[in-house]
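# Per-entry structural report
Read off the chains here:
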Amino acid sequence: MSGNSRLPRVLVVNAALAGTVWLIWAMVWGARYFDVLAQDWRVAVTMVFGSLVGGGTSEGGGAIAFPVLTKGLAVPPDQARIFTFAIQSIGMAAASLSILLCRVPVERRVVLYGSAAGAVGVMLSVTLLAPLVPLPTVRALFTMLLVALAVALVVQLRQRGYRRNATIPVWTGRELLLVVCAGFAGGIVSGVVGVGENCVMFLLLVLLFRVSEKVATPTTVVMMTVVSITAFLTHVFVTGDFTGPVVGYWVAAAPVVAVGAPLGAWICTHLTPLTIRVVLFVLIAAELASTVLLVPFTWGMVVASAITLVLITGLCLVLVRQGRYATPPATPDERVPAGAVGGSAR
């Protein structure tokens, strides 16, 4: 099905998703919503762009929201992290429903097994790890992960005969174990930073399995949705710290992300794999700049960041050089057809 023929369906689905959120918000909050919006409108404006990034890339809306909230709006880091999970539970859930209802290609095996492992990882991270780890240190190390990914993506593009797969071409116990381990690791990172599941799995899918960015990106969006909802519910019912100003931020921004995230997911389906990479490079550069300028570095953090960058870059380059999954493209122009989901590649 071509992009033009899918357009009416996309409009109907996305309008229905946004309308559902608006209706629920109107029923629950009524006129009080405008009082909340008047107080927290800057958070809502921030999430206009954050939701587009969350729905359309493998970085997640928290990559935009977190630095703006903590430095621009002086929101405490722990509150910003909780808000990230809360707002992604709305925005990325809407984006995921749009992806699935509009039959955007995803790797269903990765969604199933990776999301399950990620949910376990994020629950453990939220309850046991996040309270113990200094957030500036984790933020700096996460930025190094993204920079290493960018380096590997550039190297991969320069490989001769590089091909993109519509799905993981070989599926054995080895691939299942890799997906589960990456999903669990991504959940651990997400529990501390607010994002990470999507980035870690994108790294595995694109660098090792050679899955097209047009499939890997929506796959990681769906996975990050599951992880975000799990983390949000953990904060609500287990740690009990979804309270105070964070609730107001969430109430103000939710109707915005219900529109922006599905729109970002739809825009991603119309971008070429190379364009998606360029967008990622720009976002990673912005992440690096914000980390360098806004995070209070100590010498210990500088050394740890440098070591992390070298190690992760080395790992990424090892993945890039593996030839096990370098199969011919699904189609002559290396585009992934709309029906190529799960284990099929038409």
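Below: a short report on this structure. Every chain begins its residue count from 1, and numbering advances along the sequence as written. Two thresholds apply to this predicted model, a pLDDT of at least 70 for residue-level local features and 80 or more for giving and counting side-chain atom pairs, whereas whole-chain, interface and lining totals are computed over all residues. To obtain the side-chain values, all non-hydrogen atoms of the structure were included, while hydrogens and water were left out.

### Remarks on the nonpolar core
Which entries qualify depends on this criterion: Each nonpolar core is a collection of buried residues, namely Ala, Val, Leu, Ile, Met, Phe, Trp, Tyr and Cys, held together in the definition by side-chain atoms within 4.5 Å. The classification of residues rests on relative accessible area computed with a 1.4 Å probe and restricted to protein chains. Under 20% of the type maximum is buried, over 50% is exposed, and intermediate values are partly exposed. Between two residues, a contact is recorded if the distance between any of their heavy atoms is within 4.5 Å.
Residues Phe83, Leu207, Phe209 and Trp250 are the most contacted members of the largest nonpolar core, which totals 89 residues. Filtering out sequence-adjacent residues up to four positions away, Phe209 remains in contact with Asn165, Ile168, Pro169, Glu175, Leu178, Val179, Leu204 and Tyr325.

### Things to note about the packing of helix α6 (residues 135–157) against helix α8 (residues 197–208)
Our working rule: Axes, fitted as lines to C-alpha atoms, cover a helix only where it is in contact. Angles between the N-to-C directions of the axes lie from 0 to 180 degrees. Working definition: helices are DSSP H or I runs of at least four residues, strands are E runs of at least two. Numbering for both runs from the N terminus. Put simply, angles under 35 degrees are roughly parallel, angles over 145 are roughly antiparallel, angles from 65 to 115 are roughly perpendicular, and the rest are oblique. Each crossing is labelled by how the near helix is turned from the far one, with a counterclockwise turn of less than a right angle marking it left-handed and a clockwise turn marking it right-handed. Asp, Glu, Lys and Arg are counted as charged, while Ala, Val, Leu, Ile, Met, Phe, Trp, Tyr, Cys and Pro are counted as nonpolar; the rest, among them Gly, fall into the polar class.
At a minimum axis separation of 11 Å, α6 and α8 run at an interaxial angle of 15°. Compared by their axis directions, α6 and α8 come out roughly parallel. Read as a crossing pair, α6 and α8 show a hand that is left-handed. Within the contact between the two elements, α6 uses Phe142, Leu145, Leu146, Leu149, Ala152, Leu153 and Gln156 and α8 uses Cys199, Val200, Phe202, Leu203, Val206 and Leu207. Of the residues contributing to the contact of α6 with α8, the split by class is twelve nonpolar, one polar and no charged.

### Points about the packing of helix α2 (residues 32–56) against helix α10 (residues 245–269)
At their nearest, the axes of α2 and α10 sit 6 Å apart, and the two run at 25° to each other. In terms of their interaxial angle, α2 and α10 are classed as roughly parallel. Judged by the twist between their axes, the crossing of α2 over α10 is right-handed.

### What to know about α2
The criterion, for reference: To estimate the expected span of a helix, subtract one from its residue number and multiply by 1.5 Å. In this scheme, the bend at a residue equals the angle between the axes fitted to the seven residues that finish there and the seven that begin there.
Taking 1.5 Å of rise per residue, 25 residues should cover 36 Å, yet α2 covers just 31 Å from first to last C-alpha, more than 12% shy of that figure. Where α2 bends most, the angle comes to about 80°, and this point is Asp40.

### Things to note about the side chain of Ser98
Within the secondary structure, Ser98 is located in helix α4 (residues 77–101). Taking relative accessible area as the criterion, Ser98 reaches 4% and is therefore assigned buried. Excluding anything up to four places from it in sequence, Ser98 contacts Val13, Asn14, Leu17 and Pro262.

### Quick word on the environment of Ala18
The residue Ala18 is located in helix α1 (residues 3–29) in this model. Sequence-distant contacts of Ala18, defined by excluding residues within four places in its chain, comprise Ala258 and Val259.

### What to know about the pattern of salt bridges
Put simply, the rule is: In what follows, salt bridge is the name for a side-chain nitrogen of Lys or Arg lying within 4 Å of a carboxyl oxygen of Asp or Glu.
All chains considered together, the criterion is met by four salt bridges. When salt bridges that share partners are traced, they join Arg164, Glu213 and Arg277 into one network.

### Things to note about the packing of aromatic side chains
Applicable threshold: To pair, rings of Phe, Tyr and Trp, with the six-membered ring standing in for Trp, must have centres within 6.5 Å; the planes then decide the type, stacked if under 30 degrees apart, edge-to-face if over 60, and tilted in the middle.
Overall, the coordinates contain eight aromatic pairs when judged by the stated rule. Here the aromatic rings of Phe83 and Tyr249 are separated by 6.2 Å at their centres, their planes lie at 90°, and the arrangement is edge-to-face. Pair noted here: Phe83 is in helix α4 and Tyr249 is in helix α10, with a separation of 166 residues, a long-range link. Taking the centre distance of 6.2 Å and the plane angle of 25° together, the rings of Tyr113 and Trp171 count as stacked. Linking Tyr113 in helix α5 (residues 108–129) with Trp171 in the loop between α6 and α7 (173–193), this pair joins segments that are 58 residues apart in sequence. Here the aromatic residues Trp25, Phe232, Phe242 and Trp250 are joined through ring pairs into a cluster of three or more.

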